[in-house]
Amino acid sequence: LEKAASCLSAALTQEARLEAGPSDSLTGLLARGALQQALGRADQQRAGAGLGYVLGVVKLGGLQQVRDSYGHVHANHLLREFARQLKAPGLTAYRLDGDEYALLHLWPALPEVAAQDLATLVAGAAGALHRLGYPVEAALGVASVPEDAPEGVGALRAARRRRAARERERRNARQGR
């Protein structure tokens, strides 16, 4: 009976995981496909109830330098620790690819406050990596639905454009431009 209960629990956990979408094996965060599913559901709920959301896209700069200087083990530790730091109540974090993450805050009362909360969270996550000795930067771009885009695909594009603009600003500042 105990073994049957254990199997049932494992099956239910697996079913819940599949419903949430695919996950990233290194960080344990949900993956790109899960974000696409979540944005689709959020857009449907937006159409029905008029509720918006805030989407942040983060690029972790310096990963290649860590990999080259310290090896894959340290680079993987950096990615896992960054992912751990991105977990917060009311927020879902996703790993989109090697050094790109997304943060989704559904139905915030005040999108501006939610956007600031994302910035604070990402700055804190980057700070945690600095305290561990990793020379990395995290660039964040944020977009809100419906304020910045009518739906998730547009919000993702807007957030990526804003993130890229921040990366350019940092590069230019380092080069004295």
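Structure report, in brief. Fair warning: this is a prediction, and the values are worked out from it, not measured in the lab.

A few words now on the overall build of the protein chain. The secondary structure content of the protein chain amounts to 6 helices and 5 strands. Counting helices and strands in the order they occur from the N terminus, the protein chain gives α-β-α-β-α-α-β-β-α-β-α. Within the span of the protein chain, comprising 177 residues, buried residues form 40% of the whole. Taking the contacts inside the protein chain whose residues are at least 6 apart along the sequence as the reference set, 65% of them involve residues at least 24 apart.

Take Ser144: it is sitting in strand β5 (residues 137-145). With residues near it in sequence (within four places) discarded, Ser144 still touches Tyr53, Val54, Pro111 and Ala149.

Glancing now at the pattern of salt bridges. Summed over all chains, the structure comprises 10 salt bridges. Where Asp99 meets Lys59, a salt bridge forms, and the shortest distance between an N and an O atom there is 3.6 Å. Here Lys59 lies in strand β2 (residues 53-61) and Asp99 lies in the loop between β3 (92-97) and β4 (100-106), a separation of 40 residues in the sequence. Overall, Asp99 belongs to the buried group, its relative accessible area being 18%. Shared partners join several salt bridges into a network, and the residues in it are Glu100, Arg160, Arg163 and Glu167.

Time to look at the nonpolar core. The biggest cluster of nonpolar side chains holds 28 residues, and the ones touching the most others in it are Val58, Leu60, Leu78, Phe82, Leu86, Tyr101 and Leu103. For this core, the secondary-structure elements that each account for two or more residues are β2, α3 (63-70), α4 (72-85), β4, α5 (111-131) and β5. The biggest single contributor to this core is α5, with 7 residues.

Let us look at helix α2 (residues 32-49). An ideal rise of 1.5 Å per residue puts 26 Å on 18 residues; α2 measures up with 25 Å between its terminal C-alpha atoms. Within α2, the full set of buried residues consists of Ala34, Leu35, Ala38, Leu39 and Ala42. Angular distribution of buried residues about the axis of α2 spans 135°; they occupy a single face of the element. Those residues of α2 that are exposed and aimed more than 90 degrees away from the buried face are Gln36, Gln44, Ala47 and Gly48.

Bringing unusual backbone geometry into the picture now. As a rule of thumb, non-glycine residues mostly have phi less than zero, and peptide bonds are mostly trans rather than cis. Each neighbour pair has its own omega, and for Val145 with Pro146 the value is 15°, a cis peptide bond. Along the polypeptide, Pro146 turns up in the loop between β5 and α6 (152-174). The residue Trp107 is not glycine, and still its phi comes out positive at about 50°. Relative to the assigned elements, Trp107 resides in the loop between β4 and α5.

This part covers α5. Turn by turn, an α-helix covers 3.6 residues, leaving residues three or four places apart pointing in a common direction. Taking 1.5 Å as the rise per residue, α5 with 21 residues should run 30 Å; its terminal C-alpha atoms sit 30 Å apart, in good agreement. For α5, the full list of buried residues reads Pro111, Ala114, Leu118, Leu121, Val122, Ala125, Ala126, Gly127, Ala128 and Leu129. Elements in contact with the buried residues of α5: β2, α4, β4 and β5. In the segment just after α5, Gly133 is the residue with positive phi, at about 95°.

Before going further, it helps to spend a moment on the pairing of β2. The buried fraction of β2 is high, at 7 of 9 residues. As paired elements, β2 and β5 share 9 bridges and run antiparallel to each other. In the strand pairing of β5, Val54 is matched with Ser144.

Let us look at the layout of surface pockets. Over the atoms, a rolling probe the size of a water molecule traces out where space has been left empty. The calculated volume of the largest pocket comes to roughly 250 Å³. Along the walls of the largest pocket sit 17 residues, with Ala119, Ala138, Leu140, Arg166 and Arg170 positioned nearest its centre. Broken down by secondary-structure element, the contributors of at least two residues to the lining of the largest pocket are α5, β5 and α6. Considering each element in turn, the lining of the largest pocket owes the most residues, 7 residues, to α5.

Calculation notes
- Residues numbered from 1 in each chain as written.
- Predicted model: local features only at pLDDT ≥ 70, side-chain atom pairs only at ≥ 80, totals over all residues.
- Heavy atoms only, no water.
- Helix = DSSP H or I, 4+ residues; strand = E, 2+ residues; numbered from the N terminus.
- Buried < 20%, exposed > 50% of the residue type's maximum accessible area, 1.4 Å probe, protein only.
- Contact = heavy atoms within 4.5 Å.
- Salt bridge = Lys/Arg side-chain N within 4 Å of Asp/Glu carboxyl O.
- Core = buried A, V, L, I, M, F, W, Y, C linked by side-chain atoms within 4.5 Å.
- Expected span 1.5 Å × (residues − 1).
- Arc of directions from axis to C-beta.
- Pairing = 2+ DSSP bridges.
- 1 Å grid on protein atoms, 1.4 Å probe; cavity = no way out; pocket = protein on both sides within 12 Å on 5 of 7 lines; lining within 4 Å.
- Points joined across faces, edges and corners; volume = space filled by probe spheres on them.

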